[in-house]
Amino acid sequence: MKLEKLLGIDFQNVEGLSQVLKREKVSRERFSLEISERDCANAIYAAMKASVEYRGGVFRMDSDTRQHISDAAKWLINPNDTPGLMLCGLYGNGKTTLANAISWLIGFITERELGYSNRKNMPLFTAKEICRLCAASEKFKEQYDAYERLFTMPMLIIDDLGEEPKEVMVYGMIHTPIIDLIGRRYAQQLMTIVTTNLEIDDLQSKYGDRIYDRLQEMLTSIVFENESYRPKEK
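Residues numbered from 1 in each chain as written. Predicted model: local features only at pLDDT ≥ 70, side-chain atom pairs only at ≥ 80, totals over all residues. Heavy atoms only, no water.

### Here we look at the pairing of strand 6 (residues 191-196)
Phase 1: Extensive coverage of strand 6 is indicated by the burial of six of its six residues.
Phase 2: With burial as the criterion, each face of strand 6 is covered, one bearing Met-191, Ile-193 and Thr-195 and the other bearing Thr-192, Val-194 and Thr-196.
Phase 3: Where strand 3 (residues 155-161) and strand 6 come together, five bridges link them in parallel fashion. The residue of strand 6 that forms the bridge with Met-155 is Met-191. (Buried < 20%, exposed > 50% of the residue type's maximum accessible area, 1.4 Å probe, protein only. Helix = DSSP H or I, 4+ residues; strand = E, 2+ residues; numbered from the N terminus. Pairing = 2+ DSSP bridges.)

Have a look at this one:
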């Protein structure tokens, strides 16, 4: 008896077999907020305003910020969009504030909906912190465990991508923490937000073509072209 009859598989139906094999994989569908785009945009706006005012600043809603919020809201409510988001642009123009607002909103809404024990968390680590965790994992189990968890967290924000050293030494071996982390999270299609001050060409130069291509496929980009909101020194 032929193997295809024994297994009940039609190897001639490529499209059908492709759909079956795809279902065998862990679902690509990522977490999304089940609210309207308008409500999501308003909620992100509120979270950003609260965050800035908590720091003692004054939140400025201009046309650039309104567009950034709109783009982020579209991504956040669509479970079939890319698993990640890249916020890129100059210093001080709201990238980290927007990333934190999304994290805050996810936690706030899921806690209200599902209860505290089922709250969804999206922690933020700077790229430098990730490298420090990797380097310290050689001596300290707590740091080793924390570093390893980054690879499997359902949601994660990597802040200031490109500010970190490319390589660190662990157990006498050279490691590339950010490249390894992005590669693993790409393979698992895990929800990831990245902020960076690097331009596209700089990303490609720093991380190489392979990781750059994965970033392009994995992340929806929102480019911040507005100037810094931070007060200028007199």
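Now, onward.
### Thoughts on the environment of Leu-90
Phase 1: Along the chain, the position of Leu-90 falls in the loop between strand 1 (84-89) and helix 5 (95-114).
Phase 2: Excluding anything up to four places from it in sequence, Leu-90 contacts Lys-95, Asn-197, Phe-224 and Asn-226. (Contact = heavy atoms within 4.5 Å.)

### Focus: unusual backbone geometry
Keep in mind that most residues, glycine aside, have a negative phi and that most peptide bonds are trans.
Phase 1: The residue Asp-160 is not glycine, and still its phi comes out positive at about 60 degrees.
Phase 2: Mapped onto the elements of the fold, Asp-160 is located in strand 3.
Phase 3: A positive phi is found at Gln-189, a non-glycine position, where the angle reads about 55 degrees.
Phase 4: Turning to its location among the elements, Gln-189 is positioned in the loop between helix 8 (177-188) and strand 6.

### Details of the packing of aromatic side chains
Phase 1: All told, the structure shown has two aromatic pairs when counted by the stated rule.
Phase 2: Judged by centre distance (5.7 Å) and plane angle (35 degrees), the ring pair of Tyr-45 and Phe-59 falls under tilted. Pair noted here: Tyr-45 is in helix 3 (residues 37-54) and Phe-59 is in the loop between helix 3 and helix 4 (63-76), with a separation of 14 residues, a long-range link.
Phase 3: Given a relative accessible area of 15%, Phe-59 falls into the buried group.
Phase 4: Between Tyr-147 and Phe-151, the aromatic rings sit 5.1 Å apart at their centres with planes inclined by 90 degrees, giving edge-to-face as the arrangement. Each member of the pair, Tyr-147 as well as Phe-151, is classed as buried.
Phase 5: Lying over the aromatic face of Trp-75, Arg-30 brings its terminal NZ or CZ to 4.2 Å of the ring centre. (Phe/Tyr/Trp six-rings, centres within 6.5 Å; stacked < 30°, edge-to-face > 60°. Lys NZ or Arg CZ within 6 Å of the ring centre and 35° of its normal.)

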